[in-house]
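# A structural walkthrough
Spelled out from the first residue to the last, the chains are:
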Amino acid sequence: MNNTTPESYRSGPDENGHFGIFGGRFVAETLMPLVLEVEKAYYRYRHDSDFRNELEYYSRDYVGRPSPMFLAERLGAELGGAKIYFKRDELNHTGAHKINNTLGQILLAKRMGKKRIIAETGAGQHGVATATVCALFDLPCVVYMGEKDIERQAPNVFRMKLLGAEIIPVTSGTATLKDAMNDALRDWVANVEDTFYIIGTAAGPHPYPEMVRDFQSVIGLETKAQILERENRLPDVLTACIGGGSNAIGLFHPFLDDESVRIIGVEAAGHGIDSGEHAASLTGGQPGVLHGNRTYLLQDEDGQILDAHSISAGLDYPGIGPEHSWLHQCGRVEYVSITDNEALEAFQLCCRTEGIIPALEPSHALAHVAKIAPDMDRDQIIVMNLCGRGDKDVFTVAKALGVEI
Amino acid sequence: MSSDNRLTRRFEKIRSENRAALITFLTAGDPNPDTAEKILAGMPKAGADVIELGMPFSDPMADGPAIQAANLRALGAGMTLKKTLATVERFRKEDDDTPIILMGYYNPIHYYGVQAFIDKAIDVGVDGLIIVDLPPEEDVEMCHPCLTAGLNWIRLTTPTSDDSRLKVILKNSSGFVYHVAIAGITGTRSADSKSVMKDVARIKRHTKLPVAVGFGIKSADQVSETAEFAEAVVVGSALVQRIADGSDASKTAEDICSDVHQLVAKLATGTIRN
């Protein structure tokens, strides 16, 4: 492991889209001109005042930002130890952090003159967030979703349809998120003239990992301002769950150079790392190249991509954003993993103590909070990103708990 | 014989015959390693001038349904990158003239080890590589090591390649140029041959390398049309579909072989220029 400390952890990627050895632009030649066009457009508009103003307007009046930061007192009392704050991105319009990104990308797509939007989705949260902004800005929306995910996320499928999106079931490969991304890329290759691909996580070819991180960094920037106002100091621990890792990188990035802050990313261990049925790319995978970037991947000894498993469809991806791979390699962020069962317990704990039904994704982060909080001092502070609400998960949880509804 | 010679000599021979080369694509190990090897062994006799062999990958992003299915059939039957290299090694013992190009995606090679793979590929008699997800922006990964080692690095040009992009693509290309006739994935729609002809003429202004045209070419008539303006014509999905059909109908290995070879022979009739 390479532990040389860079001057700043916030300066990446380089001009070729690399975070250390991770990231890059590993796409078919047909897509290269498009990827370069997206990069050029993003760099042109990201500091443009009209673009910023429009993004801020919709973030405030449509999404409901800033999201509150809430002191989870009953949970803290039950666990003992550290003070626990929730960054409440589950209160955003559409119920998760995903809309921070889709809003930014569709405003860019509009400026680029694109007439059609495509997206991939696993749990359906990104699909819903994309369908939502497409309805808002009157652009046709095509969402690729694995056939297996369509079965287990029926409510989100219906939501997307209500919002006017066309859902294309993906039957290729293992019929899950990675295959949905393959098919979205295939669509993009065949519709290069008019289509913008809104990628849902901080992964894919450059500039997507950087662009998605920037749009999600609103989470960390607000958190920093809110905690300084409330506590007059930075938190001791920041934590968030990681599938592709967009909510986590959004929370972490503004804090990466604040040495006193311990930062922990929580991957999904599924049935346990040793079972082989998990989605923990950093803990149980190796570096490889997929979907346009070099990053940690779940793969076999022939370099074939393995299917991920998690009770949470949103974490069920065999890769991870390249910036996380780099932060893992340089040791700035700790990455741990939480099993399905631990997440289920944390899910119920949150419902019971705080009256908040969390999504199964942040329940993973919460399960880790429950592990570390008791050993911390009462004046220490943990901030956890509650990145999604659990309405979509009640059927899955009921089934896991053996309840028929 | 060095890899450079094999490809160069083959294109020289074909030019002297006033026809285009037929490049056939098959996925290594499809529908299973044994049958695949029998199909491969008979390809030159059936009429394949250059053989493209797909290295199976779980996530073939640039491929359409036919070749996706071929990848999964091969992997399901236990095919691996090591076995693909061994297949080439055995083929070379019987045939030292027909160029073999390996085509695929980067991750299995990344896992195998880039330099180890290049060394082994040269050793077993591979003549060139096409790695779909390694554009010029990532040349340092594999293109530079390949060219240093003397293994042809064959690149794709596409309808999205404008003149300035062509310069970037062709800079480190060798062997031949593979022009993708459509913006899209393999085995789906076919291009209008007039627009392809224009693209090929434009590419030829930038390079002296032979130009092969592929994607969406399924019939002898399409081969014939394309042979008029390109040095080589690539057919893939149509052959792979024959294997799928034979496999679905539980045909014997011999019958699947003869189905594929018959189609190759028919396609080869289209390579002769009018």
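Preceding this section is the structure that the text describes.
Residues numbered from 1 in each chain as written. Chains lettered and ligands numbered in written order. Predicted model: local features only at pLDDT ≥ 70, side-chain atom pairs only at ≥ 80, totals over all residues. Heavy atoms only, no water.

## Regarding the overall build of chain A
Worth spelling out the cut-off: Helix and strand assignments come from DSSP, with helices taken as H or I runs of at least 4 residues and strands as E runs of at least 2, each series counted from the N terminus. For the radius of gyration, the atoms used are the C-alpha atoms, and the globule rule reads 2.2 Å times the number of residues raised to 0.38. Think of it in three bands: with a 1.4 Å probe and only protein chains considered, a residue is buried below 20% of the maximum accessible area for its type, exposed above 50%, and partly exposed in between. Here a residue-residue contact requires only that any non-hydrogen atoms of the pair lie within 4.5 Å. The Shrake-Rupley method, run with a 1.4 Å probe, gives the accessible areas here. Residue values count only the displayed protein chains as cover. None of His or the chain ends enter the tally, which takes Lys and Arg as positive and Asp and Glu as negative. Throughout, a charge is located at the NZ atom of Lys, the CZ atom of Arg, the CG atom of Asp or the CD atom of Glu.
Counting secondary structure elements, chain A contains 16 helices and 14 strands. In terms of overall dimensions, chain A is globule-like: its C-alpha atoms have a radius of gyration of 19 Å, near the 22 Å expected for 405 residues. Here the C-alpha coordinates of chain A stretch approximately 55 × 50 × 50 Å along the principal axes. A burial count over chain A gives 66% of its 405 residues as buried. Partitioning the contacts of chain A with sequence separation of at least 6, the portion at a separation of at least 24 is 74%. Counting every atom, chain A has about 14200 Å² of accessible surface; 48% of that belongs to carbon and sulfur. Each charge sign in chain A was given a centre, from 37 positive and 56 negative side chains, and these centres are 5 Å apart.

## Quick word on the side chain of R6 of chain B
For the record, the criterion: Pairs of N or O atoms are called polar contacts if they sit within 3.5 Å, as long as, within protein, a hydrogen donor faces a hydrogen acceptor (for residues adjacent in sequence, only side-chain-to-side-chain pairs).
Mapping R6 of chain B onto the fold places it in helix 1 (residues 3–16). A distance of 3.3 Å separates a polar side-chain atom of R6 of chain B from the backbone oxygen of G125 of chain B.

## Points about the pattern of salt bridges
The condition is simple: Salt bridge criterion: a side-chain nitrogen from Lys or Arg within 4 Å of a carboxyl oxygen from Asp or Glu.
According to the stated counting rule, one finds 41 salt bridges over all chains in the structure shown. R213 of chain A is the partner of D214 of chain A in a salt bridge, and the nearest nitrogen-oxygen pair spans 3.1 Å. Its relative accessible area of 4% is what places R213 of chain A among the buried residues. Across the pair D49 of chain B and R19 of chain B runs a salt bridge whose closest N-O atoms are separated by 2.8 Å. You can see D49 of chain B sitting in the loop between helix 2 (33–46) and strand 2 (50–54) and its partner R19 of chain B sitting in the loop between helix 1 and strand 1 (21–27), a full 30 residues away along the chain. In terms of burial, D49 of chain B and R19 of chain B fall into one category: buried.

## Comments concerning helix 5 (residues 125–137) of chain A
Residues and elements named next belong to chain A. Selection criterion: Helix span is expected to be 1.5 Å times the residue number reduced by one.
Over its 13 residues, helix 5 runs 18 Å from end to end, which matches the ideal 18 Å to within 8%, given 1.5 Å per residue. Counting buried residues in helix 5 gives 11 out of 13 residues, a clear majority hidden from the surface. Within the sequence span of helix 5, burial applies to Q125, H126, G127, V128, A129, T130, A131, T132, V133, C134 and F137. Where the residues of helix 5 are buried, they touch helix 2 (49–63), helix 4 (98–111), strand 5 (116–121), strand 6 (141–146) and helix 7 (154–162). Residue D138 follows helix 5 closely and has a positive phi angle near 55°.

## Some points on the packing of helix 2 of chain B against helix 4 (residues 81–94) of chain B
All names here are of chain B. Cut-off, in case you're wondering: Simply put, an axis is a line fit to the C-alpha atoms, just over the touching stretch for a helix, and the angle between two N-to-C directions goes from 0 to 180 degrees. Convention used here: angles under 35 degrees read as roughly parallel, angles over 145 as roughly antiparallel, angles from 65 to 115 as roughly perpendicular, and any remaining angle as oblique. Handedness of a helix crossing follows the sense of rotation of the near helix relative to the far helix, less than a right angle counterclockwise being left-handed and clockwise being right-handed.
Running from N to C, helix 2 and helix 4 point in directions that differ by 40°, and their axes come no closer than 11 Å. Judged by the inter-axis angle, helix 2 sits oblique to helix 4. Crossing hand, helix 2 versus helix 4: right-handed. Between helix 2 and helix 4, the contacting residues are E37, L40, A41 and P44 on the first element and T87, R90 and F91 on the second.

## With respect to the packing of aromatic side chains
Basically, it comes down to this: Two rings belonging to Phe, Tyr or Trp (six-membered ring only in the last case) form a pair when the distance between their centres is within 6.5 Å. Interplanar angles under 30 degrees mark stacking, angles over 60 mark edge-to-face geometry, and anything in between is tilted. Two conditions define a charge sitting above a ring: the NZ of Lys or the CZ of Arg must be within 6 Å of the ring centre, and it must be within 35 degrees of the ring normal.
Applying the stated criterion to the full structure yields 16 aromatic pairs over all chains. When the centroid spacing of 5.9 Å and the interplanar angle of 15° are considered together, the rings of F26 of chain A and Y106 of chain B count as stacked. With F26 of chain A in strand 2 (residues 22–26) and Y106 of chain B in helix 5 (residues 106–112), the pair connects residues from two separate chains. Measuring from centroid to centroid gives 4.8 Å for Y57 of chain A and Y58 of chain A, while their planes differ by 75°, and the two rings are edge-to-face. Its relative accessible area of 41% is what places Y57 of chain A among the partly exposed residues. By way of ring pairs, the aromatic residues Y42, Y43, Y45, F51 and F215 of chain A are connected into one cluster. Above the ring of F70 of chain A, the side-chain terminus of R88 of chain A is found at 5.8 Å from the ring centroid. Positioned above the aromatic ring of F255 of chain A is the side chain of K224 of chain A, whose terminal nitrogen or guanidinium carbon lies 5.2 Å from the ring centre.

## A short note on the interface of chain A and chain B
Our working definition: Once two parts are put together, the accessible area they lose, assessed with a 1.4 Å probe and summed over both, is termed the buried area. Under the scheme applied here, ten amino acids are nonpolar (Ala, Val, Leu, Ile, Met, Phe, Trp, Tyr, Cys and Pro), four are charged (Asp, Glu, Lys and Arg), and all others, including Gly, are polar.
Chain A puts 36 residues into the contact, and the matching count from chain B is 36 residues. Taking both sides of the interface into account, the surface hidden between chain A and chain B amounts to around 2900 Å²; carbon and sulfur atoms contribute 53%. Remark: the boundary between chain A and chain B carries three salt bridges. For E29 of chain A, the salt bridge goes to R165 of chain B, with nearest N and O atoms at 2.7 Å. Our count for the chain A to chain B interface comes out at 20 residue pairs in polar contact (both at pLDDT 80 or more). Those elements giving two or more residues to the side of chain A that touches chain B turn out to be strand 2, helix 1 (32–45), helix 8 (177–190), strand 11 (286–290) and strand 12 (292–297) of chain A. Top contributing element to the side of chain A that touches chain B by residue count: helix 8 of chain A, with seven residues. For the side of chain A that touches chain B, the residue count by class is 15 nonpolar, 12 polar and nine charged.

## So, the sheet that holds strand 8 (residues 211–214) of chain B
Residues and elements named next belong to chain B. Our working rule: In this description, strands pair whenever DSSP reports at least two bridges between them.
Strand order in the open sheet formed by nine strands is 5-4-3-2-1-9-8-7-6, with parallel pairing between adjacent strands. Each edge of the open sheet is held by one strand with a lone partner, namely strand 5 (152–153) and strand 6 (155–157). Looking at chain direction, strand 1 and strand 2 are connected through five bridges and run parallel. Bridge pairing in strand 2 places L26 opposite L53. Along the sheet face, helix 11 (residues 237–248) touches strand 1 and strand 9 (232–235) and points at about 45° away from the line of strand 1.

## Quick look at the packing of helix 3 (residues 65–76) of chain B against helix 11 of chain B
All names here are of chain B. One way to put it is that helix 3 packs onto helix 11 with a least axis distance of 9 Å and a crossing angle of 55°. By the angle between their directions, the pair helix 3 and helix 11 is classed as oblique. Pair helix 3 / helix 11 crosses with left-handed handedness. Contacts from A66, I67, A70 and R73 in helix 3 reach S237, V240, Q241, I243, A244 and S247 in helix 11. When its residues are assigned to classes, the contact of helix 3 with helix 11 shows six nonpolar, three polar and one charged.

## Quick word on helix 8 (residues 163–171) of chain B
Operational definition: When we speak of the arc, we mean the arc of directions from the helix axis to the C-beta atoms.
Within helix 8 of chain B, burial applies to R165, L166, I169 and L170 of chain B. Projected down its long axis, helix 8 of chain B carries its buried residues within an arc of 125°, all on one side. Away from the buried face of helix 8 of chain B by more than 90 degrees, exposed residues S164, K167 and K171 of chain B are located. In this fold, the buried residues of helix 8 of chain B make contact with helix 1 of chain A together with strand 6, strand 7 (177–180) and helix 9 (193–204) of chain B.

## Thoughts on the sheet that holds strand 2 of chain A
All names here are of chain A. With antiparallel pairing, the four strands of this open sheet are ordered in space as 1-2-12-11. The outermost strands of the open sheet, each flanked by one partner alone, are strand 1 (18–19) and strand 11. Pairing of strand 11 with strand 12, which is carried by five bridges, proceeds in the antiparallel orientation. Residue pairing for strand 12: V289 is matched across the bridge by R294.

## Digging into the environment of S275 of chain A
On the secondary structure map, S275 of chain A appears in the loop between strand 10 (262–270) and helix 12 (281–284). Taking the C-alpha atoms as reference points, S275 of chain A and R389 of chain A, 114 residues apart in sequence, are found 28 Å from one another.

On their own, these measurements won't tell you what the molecule is for.
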